[in-house]
Amino acid sequence: MAGLAASYGSGAMTNTMQDVVSNAKSMLIIGSNTTEQHPVFGTMIRQAVLKRGVKLIVADPRKIDITEFATLHLRPKSGTDILLINGLMYIILEKGWEDKEFIANRTEGFDEFRASIEQYPPQKVSELTRIPVEKLYEAAEILATQKPMAVMWAMGITQHIVGVRNVMDLANLQMLLGNIGVPGGGVNPLRGQNNVQGACDMGGLPNVYPGYQNVAAEAAQEKFATAWGASMSPTVGMTVTEMMPGIQEGKTRLLYIVGEDPVMSDPNSNHIRECLEECEMVILQEIFPTETLPYADIVLPGVSFAEKSGTFTNTERRIQLVRKAIPAPGEAREDWQIVADLARRVLSSGDRQVAAAPHSAWDYTSTAQVMDELAALTPSYAGVSHARLETDTGLHWPVKDAQHPGTPILHVGQFTRGKGKFTPIDYVPPAELPDDAYPMLLNTGRVLYHWHGGEMTRRTQGLMKIYDEAKIEVNPEDAEKLGLNGKRRVRVSSRRGSIEAEAWITDRVPPGMVFSNFHFPEASANELTIDALDPVAKIPAYKICAVRVEALN
Ligand SMILES: Nc1nc2c(c(=O)[nH]1)N[C@H]1C(S)=C(S)[C@@H](COP(=O)(O)OP(=O)(O)OC[C@H]3O[C@@H](n4cnc5c(=O)[nH]c(N)nc54)[C@H](O)[C@@H]3O)O[C@H]1N2
Ligand SMILES: Nc1nc2c(c(=O)[nH]1)N[C@H]1C(S)=C(S)[C@@H](COP(=O)(O)OP(=O)(O)OC[C@H]3O[C@@H](n4cnc5c(=O)[nH]c(N)nc54)[C@H](O)[C@@H]3O)O[C@H]1N2
Ligand SMILES: [Mo]
C-alpha cells in the first residue's frame, strides 16, 4: 500500500480485537463476511452488539450473516464503495460532525480534500450506489456521533482495481472523525491467512526486507548483505500477479512456489495454466498434491503447521508461538529447513557470495535462532525471542527491545510519518461490468466450511458432510427469469471460461448478482474471474466481473 496507507505501517490493524470490542461505541464493517471468514472476531463483535449495545453498520452487497446483528445494513452496488464513503463524509461535513481539533493538530491536506468531497452529494451517491438517501444520513449520524468508531474491512473492498483507493478513503474517514490513535477506533484490516501478517513482516513483499526496511536503502542493503552472506539486489521485485503474466513476457523463467495453489487461487485459471505450461522450471513446495502439481518439474515435500515450530503474527500484530505437535511423515521437512538448504547451495555455487557472514550463514539449527537473527536486524521485532513468547502471549509489534511492552495501539499521539495526510479519492468504475452478452455480475469469496483451493478442507470428512460441492448463490427473482424453478444446476460463463454447479436460490445476493466460491476444482470461480489488477497493490479484481448464467437440466 502506498501514500497515506503506508503511514499505517504494513496494513495491520491499528487497534487490537479486544480493544475494538471493549471500547468502540460504533463499528463499520465494510466488505467483510466476518461471521464466516473471521469466526473468532465475528463472535466477539456479535457479543459486543448484544452485551454492550454497540451500533454496527455493515456495508456489503450480500445479506451475510453478520447483518442480522447490524443496526443498519447498507447494500451498495459492487464496486461503488468510494461513492459511499465520500457520500458519508459529505454528510458529516455538511452537519459539522468532523473532529476539528484532530484535523487541525494531527493532519494536513484538509482543504483540498474537503473541496473534493463536494462532488459527492447524497442524491448523486444514492443513485449510483442504490442506497436510499435516508439510509446514508442515518449511517453518517451513527458513525459520527457514536464515538469512538472502529472501521473493519477485508477483501470486499480490496479485491478491486480501486482496492488501495478504498483503503485510503477509509483512512480519510477515520481522520475526519478523529478515530485514529484512540482506544475503540482505528483502521482495521482483517487479514486472512493465520500468518499473512507475519509473512509480510518477514519481508515476503517485493519492495522491503523484514520489518518493512526499504530494499532500495543502502544502509538496509549492507546490513542484510552482511548478515546473509550475499550481495543484495537494489531493485524492487515482482508481485505474484506480475510473475505469472511475466512468464509469457519473458520476464519470469523459474517459479519457486511455497504453499500456494495458483491454478485454484489466481484469477483466470485458463490463463494461469497456460503460463505454468510455458514456464521453464516450476518448483513446488507443498504438503498435498494440488491442481498446480501437474505443472511442477520438482516437488519439495513440506510439512503442515502441526508438524513444525515457529511463530505466527496475526492481523492485530500479535506474535504467537506454534509448537510441533506431531512428527513429519516420510521425507517431508519443515519449510524453513528446505529454504535454508536451497539458500546454502545457491550461495556456494554462485557469484553472489560476499565475505564474512557473522555465523556460517543459513546454518540455523532452530527457529528460535532464526528469530534471534531477525530481532538483531529488525527494529520492530528487536525485543522478540522465543523465550519471551513462552510466557508473554500478548505481544504486539513494534517491540523495541527486550523490556519494551509491545504496542497494542498504533499512532497514539502521532503518525509514523508525522501528520496524517488527507488524500482526495475519486470514484473509478470497475474494469468489467455486466453488458448484453454477459448480463450478470459475479462476486466471489469463501464459505465457512472450506479454505481457498480446498486442498486441506476437502480432505476433512466432517466438513465434506456439510458442504461437499460448489454452490452458486442466485437471487429468487433471477432464478425465476432463468427458468430455474425445479431445476437447480446452472452454467456460469464469462469471457474467460465456464463452470457448471448447483444453484443455491437465496436472497443473500441481490438481483443481478451471483456469488461463487473457489473451493472445488470442478467449479471454481477463478475459471471466470478477470485478471485486472489494482495499479498500486497489484491485487486482482476478484470481486467483480461480468457473467452469463443459464439453467441446466
Ligand atoms: N472459512 C474460511 N475462512 C477464511 C478463509 C477461507 O478460505 N475460509 N480465508 C481467509 C483469507 S486468506 C481471507 S483474505 C479472508 C477473507 O475474508 P473476507 O474478505 O471477510 O471474505 P470474502 O469471502 O472474500 O468476502 C468479502 C465480502 O465482501 C463482499 N463484497 C464483495 N464486493 C463488494 C463491494 O464491492 N463492496 C463491499 N462493501 N463489499 C463487497 C462480499 O459480498 C463478501 O461478503 O478470510 C479468511 N478466512
Ligand atoms: N475468486 C477468488 N479468488 C481468490 C480470492 C477470492 O476472494 N476470490 N481470495 C484470494 C486470497 S485473499 C488468498 S489469501 C488466496 C489464497 O490462495 P492460496 O494461498 O493459493 O490457497 P491456500 O489454499 O490457502 O494454500 C495453498 C496451498 O498451501 C498448502 N499448504 C498448507 N500449509 C502448508 C505448509 O505449512 N507448507 C507448505 N509448503 N504448504 C502448505 C496447501 O496444501 C495448499 O495447497 O486466494 C485468492 N484467490
Ligand atoms: Mo487472503
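Remember, predicted model here, so these are calculated numbers, not experimental data.

**Thoughts on the pattern of salt bridges**
Next up, step 1: Inspection of the entire model under this criterion finds 27 salt bridges.
Next up, step 2: Residues Lys-308 and Asp-335 are paired through a salt bridge, measuring 2.6 Å at the closest nitrogen-oxygen approach. Placement of Lys-308 in the loop between strand 11 (298-301) and strand 12 (310-313) and of Asp-335 in helix 17 (residues 335-349) is noted, with a sequence separation of 27 residues between them.

**Side note on the layout of surface pockets**
Here the idea is plain: a probe the size of a water molecule rolls over the atoms and shows the empty space left.
Next up, step 1: When its volume is computed, the second largest pocket comes out at roughly 400 Å³.
Next up, step 2: In this structure, the second largest pocket is lined by 20 residues; those nearest its centre are Lys-77, Ser-78, Arg-130, Pro-510 and Pro-511.
Next up, step 3: Split by residue class, the lining of the second largest pocket holds 12 nonpolar, 4 polar and 4 charged.
Next up, step 4: Three or more residues apiece are contributed to the lining of the second largest pocket by two domains, here domain 1 (17-189) and domain 3 (440-551).

**Details of the site of ligand 1**
Next up, step 1: Taken together, 31 residues lie around ligand 1, and Gln-37, Asp-60, Gly-79, Asp-81 and His-450 are the ones closest in.
Next up, step 2: Within the side chain of Ser-32, an N or O atom sits 2.9 Å from an oxygen atom of ligand 1.
Next up, step 3: Between ligand 1 and Asn-33 there is a distance of 2.9 Å, counted from an oxygen atom to a backbone nitrogen or oxygen.
Next up, step 4: When ligand 1 is considered free in solution it has 920 Å² of accessible area, and contact with the protein chains removes 96% of it.
Next up, step 5: Elements with a contribution of two residues or more to the shell around ligand 1: helix 3 (34-37), helix 10 (155-158) and strand 16 (440-445).
Next up, step 6: By residue class, the composition of the shell around ligand 1 is 10 nonpolar, 15 polar and 6 charged.
Next up, step 7: Lining the shell around ligand 1 are residues from two domains, each supplying at least three of them: domain 1 (17-189) and domain 3 (440-551).

**Focus on the confidence of the model for the protein chain**
Next up, step 1: For the protein chain, the mean per-residue pLDDT works out to 94, and 96% of the residues sit at or above 70.
Next up, step 2: Overall, residues 1-10 carries pLDDT values under 50, and its contacts beyond four positions in sequence, including any with other chains, amount to 32 contacts.

**Considering helix 11 (residues 163-176)**
Next up, step 1: Compared with an ideal rise of 1.5 Å per residue, which puts 14 residues at 20 Å, helix 11 spans 20 Å between its outermost C-alpha atoms and is within 8% of the ideal.
Next up, step 2: Buried residues dominate helix 11, accounting for 13 of its 14 residues.
Next up, step 3: Trailing helix 11 by a residue or two, Gly-178 shows a phi angle of about 65°, which is positive.

**Describing the packing of aromatic side chains**
Next up, step 1: Under the defined criterion, the tally for this structure stands at 11 aromatic pairs.
Next up, step 2: An angle of 40° between the planes, with centres 6.3 Å apart, marks the rings of Phe-110 and Phe-113 as tilted. Of this pair, Phe-110 and Phe-113 both sit in helix 7 (residues 110-117), 3 residues apart, which is roughly one turn of that helix. Taken individually, Phe-110 and Phe-113 each receive the classification buried, so the pair is uniform in this respect.

**Some details on the side chain of Thr-67**
Next up, step 1: Mapped onto the elements, Thr-67 comes out in the loop between strand 2 (55-59) and strand 3 (72-74).
Next up, step 2: The buried category is assigned to Thr-67, whose relative accessible area is 13%.

**Description of the sheet that holds strand 9 (residues 254-258)**
Next up, step 1: The 3 strands lie next to each other as 9-10-11, forming an open sheet whose pairing is parallel. Here the strands that pair on one side only, and so sit at the sheet edges, are strand 9 and strand 11. Between one strand axis and the next, the sheet turns through 10° on average, direction left out of account.
Next up, step 2: Pairing geometry for strand 10 (residues 281-286) and strand 11, over 4 bridges, is parallel. For Gln-285, the partnering residue across the bridge sits in strand 11 and is Leu-300.
Next up, step 3: Contacting strand 9, strand 10 and strand 11, helix 17 crosses the sheet at an angle of about 155° to strand 9.

**Thoughts on unusual backbone geometry**
Next up, step 1: Look at the link from Lys-147 to Pro-148: it is a cis peptide, with omega at 5°.
Next up, step 2: With respect to the helices and strands, Pro-148 occurs in the loop between helix 9 (133-145) and strand 5 (149-153).
Next up, step 3: Geometrically, the link from Trp-397 to Pro-398 is a cis peptide bond, its omega value of 0° lying close to zero.
Next up, step 4: Within the secondary structure, Pro-398 sits in the loop between strand 14 (395-396) and strand 15 (420-421).
Next up, step 5: Phi is positive for Arg-130, which is not a glycine, with a value near 65°.

**Structural notes on the sheet that holds strand 13 (residues 318-322)**
Next up, step 1: Read across the open sheet, the 3 strands follow the order 12-13-14; overall the sheet is antiparallel. With partners counted over all chains shown, the strands left at the sheet margins are strand 12 and strand 14, one partner each.
Next up, step 2: When strand 13 meets strand 14, the two strands line up antiparallel, connected through 2 bridges. Note on strand 14: the bridge partner recorded for Ile-319 is Leu-395.

Calculation notes
- Along every chain, residues carry numbers that run from 1 in the direction the sequence is written.
- Starting at A for chains and at 1 for ligands, labels are handed out in the order in which the entities are written.
- Side-chain atom pairs in this predicted model are given and counted only at pLDDT of 80 or more, local residue features only at pLDDT of at least 70, and totals for whole chains, interfaces and linings cover all residues.
- Hydrogens and waters are ignored; side-chain quantities use all the structure's heavy atoms.
- Salt bridge, as applied in this entry: a Lys or Arg side-chain nitrogen positioned within 4 Å of an Asp or Glu carboxyl oxygen.
- Comment: elements are numbered from the N terminus, with helices defined as DSSP H or I runs of at least four residues and strands as E runs of at least two.
- Each cavity reported here is a set of points on a 1 Å grid over the protein atoms alone in which a 1.4 Å probe fits but cannot get out, each pocket an open set with protein on both sides within 12 Å along at least five of seven lines, and each lining residue one with an atom within 4 Å of a point.
- Grid points are joined across faces, edges and corners, and a volume is the space filled by probe spheres set on the points.
- Any residue outside Ala, Val, Leu, Ile, Met, Phe, Trp, Tyr, Cys, Pro, Asp, Glu, Lys and Arg is labelled polar, Gly included; the first ten of those are nonpolar and the last four are charged.
- Boundaries between domains were set according to an automatic or database domain assignment.
- A single heavy atom is enough: if one lies within 4 Å of a molecule or strand, its residue is considered near that molecule or strand.
- As used in this structure description, the phrase polar contact means that two N or O atoms lie within 3.5 Å; if the pair is within protein, one of them must be able to donate a hydrogen and the other to accept it, and residues adjacent in sequence are counted only when both atoms belong to side chains.
- Residue-level accessible areas treat just the shown protein chains as cover; the underlying method is Shrake-Rupley with a 1.4 Å probe.
- One number per residue, pLDDT, summarises how confident the predictor is, and it ranges from 0 to 100.
- Any pair of residues with heavy atoms lying within 4.5 Å of one another is described as a contacting pair.
- Working rule for helices: expected span equals 1.5 Å times residues minus one.
- Partly exposed describes any residue whose relative accessible area lies between the buried limit of under 20% and the exposed limit of over 50%, with all areas from a 1.4 Å probe on protein chains only and scaled to the type maximum.
- Side-chain rings of Phe, Tyr and Trp, where Trp is taken by its six-membered ring, are said to pair if the distance between their centres is within 6.5 Å; with planes under 30 degrees apart they count as stacked, over 60 as edge-to-face, and otherwise as tilted.
- Pairing between strands requires that DSSP locate at least two bridges from one strand to the other.
- In this analysis an axis means a line fitted to C-alpha atoms, helices contributing only their contacting stretch, and an angle means the value between N-to-C directions, from 0 to 180 degrees.

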